[in-house]
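Per-entry structural report
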Amino acid sequence: MAVPTATIEPGQASAATRPAVAAVAYHRGDFVPLAEAALPLTTQALQYGTGVFEGIRANLSADGDSLLLFRVHDHFERFVRSCRLLRIDPGHTVDELVDITCELLRRNGSATDTYLRPLGYKLGLLPGSRPGVGLTGVSDAVSITAFAMGAYMPAAGIRCGVSSWVRPRGAAVPMRAKVTGGYVNNALAMDEARAAGYDDAILLNDRGHVAEASTANVFAVAAGRLITPPPTADLLPGITRDTVSVLAADLGIEAGERDFALPDLLAADEVFLTGTGVGLTPVVEICGRPIGSGHPGPVTRDLADLYARTIRGGAPAPHDHWLTPVRIDRG
Ligand SMILES: Cc1ncc(COP(=O)(O)O)c(C=O)c1O
């Protein structure tokens, strides 16, 4: 069976790619109808941002028979590490979380590209605990929701602004974990970018170096070589970022990490973003300046093509260990 592909023109989100929330959620130990997966208004994570999350994709396989969870173990390992930082007991091992996610896809009868959103959070004060902000004396919970969601960034590339909101230092808010409260910085940056007519924001850290985009890592191509900022630049070291570095090696493209400033990005031959949500998205303009030719360059195109085939199990390279298949029951 052919894989349906959505063509999106620059700046257009197609109706087919608009997220549709799946009917069943995993919520605090049970699979329940989404409408029943409610939380009290007193939820601590809502009050103080003390939650952690992940974004995971399950992509329709090239043969159309399965959904392929992409690097789901890596995502849940990061989730468990994020939980540990906030003293959240996820109540499950990584393998159990993977099994729960596969079961969630099956229960929803998911048969199209799906985005999964695990959330671990501080819930309510335990008896005898003092009220107020803190991480102990509070109960923990985990929920997972699923959305039908295809590509939502235009393959022809996006336009970015540079945020006036600075990426906080990792010593202030842990940037290597996906902590819900920390995302207020990303939301402010994205809000500013959209208000100015851009598709996304590039954030600098407090040393003036490029950190990342609102929910994606940044790569520049200079003289055929890939560079991306190191984790010490106050960014989330993305799983897609790692994937692209491996795929670059497969293609014989040299890749490295180093700090760089905005002028280096503006002068790059090519720039692209990587993330579970955005996939590999070319950046064709930053602050009104075209990047390179103003169109996706050859390195970006080659990597985007290999990435697109890899996540659907259609690439020749041996990265099948990244894929966890869930067979589609077409009943
Ligand atoms: C701030 C931030 N940086 C980078 C990424 C890319 O990470 P990944 O490739 O693991 O999805 C994300 C998305 O999760 C993000 O939210």
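Up top you'll find the structure we're talking about.
Cut-offs and rules
Residues numbered from 1 in each chain as written. Predicted model: local features only at pLDDT ≥ 70, side-chain atom pairs only at ≥ 80, totals over all residues. Heavy atoms only, no water. Near = heavy atom within 4 Å. Polar contact = N/O pair within 3.5 Å; in protein donor to acceptor, adjacent residues only side chain to side chain. Areas by Shrake-Rupley, 256 points an atom, 1.4 Å probe, with all protein chains shown as cover. Helix = DSSP H or I, 4+ residues; strand = E, 2+ residues; numbered from the N terminus. Buried < 20%, exposed > 50% of the residue type's maximum accessible area, 1.4 Å probe, protein only. Salt bridge = Lys/Arg side-chain N within 4 Å of Asp/Glu carboxyl O. Expected span 1.5 Å × (residues − 1). Patch = residues over 30% accessible without salt bridge, like charges linked within 9 Å, V, L, I, M, F, W, Y side chains within 5 Å. Lys, Arg positive; Asp, Glu negative; His and termini not counted. Charge placed at Lys NZ, Arg CZ, Asp CG, Glu CD.

**Focus: the site of the ligand**
Around the ligand, the structure places 17 residues, and the nearest of them are Lys178, Tyr183, Glu212, Thr240 and Thr276. Here a nitrogen atom of the ligand and a side-chain polar atom of Glu212 are 2.6 Å apart. Contact between the ligand and Thr276: an oxygen atom at 2.6 Å from a side-chain N or O atom of the residue. When the ligand is considered free in solution it has 380 Å² of accessible area, and contact with the protein chains removes 97% of it. Of all the secondary structure elements, the ones that give two or more residues to the shell around the ligand are α4 (183-195), α5 (239-250) and β15 (270-275).

**Section: the environment of Ala195**
Within the fold, Ala195 resides in helix α4. Note on Ala195: relative accessible area 71%, which makes it exposed. Spatially, the C-alpha atoms of Ala195 and Asp305 are 31 Å apart, while their sequence positions differ by 110 residues.

**Description of the pattern of salt bridges**
Close approach of charged atoms allows side chains with opposite charge to pair. By the definition in use, this model includes 15 salt bridges. Among the ionic pairs, Glu103 bridges to Arg107, the shortest N-O distance being 2.9 Å. Here the residue Glu103 and the residue Arg107 both occupy positions in helix α3 (residues 94-108), the gap between them amounting to four residues, near one helical turn. Between Glu254 and Arg225 there is a salt bridge, with the nearest N and O atoms lying 2.7 Å from each other. In this pair, Glu254 is assigned in the loop between α5 and β14 (255-257) and Arg225 in strand β13 (residues 225-228), connecting sequence segments 29 residues apart. The network of salt bridges with shared partners includes Arg169, Asp206, Arg207 and Asp234.

**Focus: helix α2 (residues 72-85)**
In an α-helix, one full turn covers 3.6 residues, which means residues spaced three or four apart are oriented alike. Taking 1.5 Å as the rise per residue, α2 with 14 residues should run 20 Å; its terminal C-alpha atoms sit 20 Å apart, in good agreement. All of the buried residues in α2 are Val72, His75, Phe76, Arg78, Phe79, Val80, Ser82 and Cys83. Looking one or two residues past α2, Arg87 carries a phi angle of roughly 55°, positive in sign.

**Details of a negative patch on the surface**
Residues Glu77, Asp95, Glu96 and Asp99 make up a contiguous surface patch of negative charge. You can see Asp99 is positioned in helix α3. Judged by its relative accessible area of 51%, Asp99 is exposed.

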